[in-house]
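What follows is each chain in one-letter form.
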Amino acid sequence: MATTKDQKIKEIVRERYAEVASGTGCECAETPLYTADEVQGLPDGALAASAGCGNPTALASLKPGETVVDFGSGGGIDCFLAARAVGPQGRVIGIDMTPDMVDLAKENARKLDLANVEFHLTEMESTPIQSDSVDVIISNCVINLAPDKEAVFNEAFRILKSGGRFAVSDMVLVEELPAEVVSDPANWVSCLSGAELKSTWVERLQKAGFTEIEFSSNGAYESEASWSSRVHSMSINARKG
Ligand SMILES: C[S@@+](CC[C@H](N)C(=O)[O-])C[C@H]1O[C@@H](n2cnc3c(N)ncnc32)[C@H](O)[C@@H]1O
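Since this is a predicted model, take the numbers as computed values, not measurements.

1. Some words on the overall build of the protein
Summing up its helical and strand segments, the protein has 10 helices and 8 strands in all. The C-alpha atoms of the protein give a radius of gyration of 16 Å, which matches the 18 Å a tight globule of 241 residues would have. Each of the three principal axes of the protein carries a C-alpha extent, and together these read 50 × 40 × 35 Å. Across the 241 residues of the protein, 44% fall into the buried class. Put simply, 74% of the contacts in the protein that link residues at least 6 apart link residues at least 24 apart.

Dropping the structure here:
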């Protein structure tokens, strides 16, 4: 059940990412982990709106024909990479809660003339996607933005097929951040306030039913702040049953 505080956080996040969609600023983005070959041919609008902290399709081992859902697809960059990997027999569904981002992603998809990618306006905590219908969930720097993470992991587990994979890049704490950093509302949109400890991720994933949970760090948060080494961009893999 969403609280007023949760709704307020979502409003702040939605407003900020509407600005990112219109080209004014970039929030979570860390050093890009895409190769020049991967991004070649993608529309400028998809690259400019890229606000991730990893490269989830690189860790998802996608196969032709698979169905992929991207939680918080933004301007669509990871969906377009996934679409190439799953090919014409596959299907990629990008979901995002910010209307301007969904519009931008659809415009980028039109430019690429891709028939196997679609974008929908919906929250990842509760999607209209059928249960047990998805091979892989990817997500790039989005789960930290959700106030109700239990709902996110439960939804991911619900829509994945048995044996389905969860392959996500996100900001993960190796040590708690100072209270004043966490309480600053501006730090929700910059992917810090909602970041959680690795041990909390493990607990949440296990509670939702995931197994084979693995983490690897892509490096510490890029900042001069004294606490920057406490938060890392991480790759997180897990499996449903
Ligand atoms: C940091 S950006 C990342 C976008 C994209 N994954 C990328 O790598 O460029 C976060 C995105 O997640 C979306 N988002 C945040 N919370 C969400 C939620 N609860 N459900 C769906 N989308 C959400 C925002 O609208 C925004 O487009």
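2. Focus: the site of the ligand
As a matter of local geometry, the ligand sits amid 26 residues, with G52, G72, G74, T98 and N140 nearest to it. Taken together, the elements giving at least two residues each to the shell around the ligand come down to α1 (4-21), α5 (77-86) and β2 (91-96). Of the residues contributing to the shell around the ligand, the split by class is 13 nonpolar, 8 polar and 5 charged.

3. A closer look at the pairing of strand β3 (residues 117-121)
Relative to β3, β2 runs parallel, the two being bridged by 5 bridges. Looking at β3, one finds that V92 is bridged to V117. Between the parallel elements β2 and β3, the chain passes through helix α6 (residues 99-112) in a crossover that is right-handed.

4. As for the pairing of strand β5 (residues 160-173)
For β5, the buried fraction is high: 11 of the 14 residues fall into the buried class. Strand direction decides the pairing type here: strand β4 (residues 134-140) and β5, joined by 6 bridges, are parallel. Residue pairing for β5: S139 is matched across the bridge by V168. The parallel pair β4 and β5, bridged by helix α7 (residues 149-159), forms a crossover whose chirality is right-handed. Note: β5 against strand β6 (residues 196-197), 2 bridges, orientation parallel. Within β6, the position partnered with V172 by the bridge is E196.

5. As for α6
Here α6 is 14 residues long and its end C-alpha atoms lie 20 Å apart, about the 20 Å a rise of 1.5 Å per residue gives. Along α6, the positions that sit buried rather than exposed are M101, V102, L104, A105, N108 and A109. Buried residues of α6, viewed axially, fall in a sector of 160°; they line one side. Two residues or fewer after α6 comes D113, characterised by a positive phi angle close to 55°.

6. Some details on the packing of α7 against helix α10 (residues 198-208)
With their axes 9 Å apart at the nearest point, α7 and α10 run at an angle of 45° to one another. Overall, the two elements α7 and α10 adopt an arrangement that is oblique. Between α7 and α10 the crossing geometry is right-handed. Contacts between α7 and α10 pair K149, E150, F153, N154 and F157 from the former with R204, L205 and A208 from the latter. Per-class residue counts for the contact of α7 with α10 are 4 nonpolar, 1 polar and 3 charged.

7. Observations regarding the nonpolar core
Nonpolar side chains tend to gather and get buried jointly when the protein is soluble and globular. Formed by 69 residues in total, the largest nonpolar core has its most connected members in A82 and I137. Once residues lying within four places of it in the same chain are set aside, the contact partners of I137 are V69, F71, A156, L160 and F166.

8. Remarks on the packing of α1 against α6
In the contact formed by α1 and α6, the axes pass within 7 Å of each other and the chain directions differ by 30°. Comparing their axes, α6 and α1 come out roughly parallel. Along this stretch, α1 crosses α6, giving a crossing that reads as left-handed. Contacts from Y17, A18 and A21 in α1 reach D100, M101 and L104 in α6. Residue composition of the contact of α1 with α6, grouped by class: 5 nonpolar, no polar and 1 charged.

Rules used in this analysis
Residues numbered from 1 in each chain as written. Predicted model: local features only at pLDDT ≥ 70, side-chain atom pairs only at ≥ 80, totals over all residues. Helix = DSSP H or I, 4+ residues; strand = E, 2+ residues; numbered from the N terminus. Rg over C-alpha atoms; globule rule 2.2 N^0.38 Å. Buried ≥ 20, exposed ≤ 12 C-beta atoms within 10 Å, placed from the backbone. Contact = placed C-beta atoms within 7 Å. Near = placed C-beta within 6 Å. Nonpolar A, V, L, I, M, F, W, Y, C, P; charged D, E, K, R; others polar. Pairing = 2+ DSSP bridges. Right-handed = clockwise from strand over helix to strand, strands pointing away. Expected span 1.5 Å × (residues − 1). Arc of directions from axis to C-beta. Axes fitted to C-alpha atoms, helices over the stretch in contact; angles between N-to-C directions. Parallel < 35°, antiparallel > 145°, perpendicular 65-115°, else oblique. Left-handed = near helix turned anticlockwise from the far one by under 90°. Core = buried A, V, L, I, M, F, W, Y, C linked by C-beta atoms within 7 Å.

Note that every value here comes from positions in space, so none of it alone points to a role or purpose.
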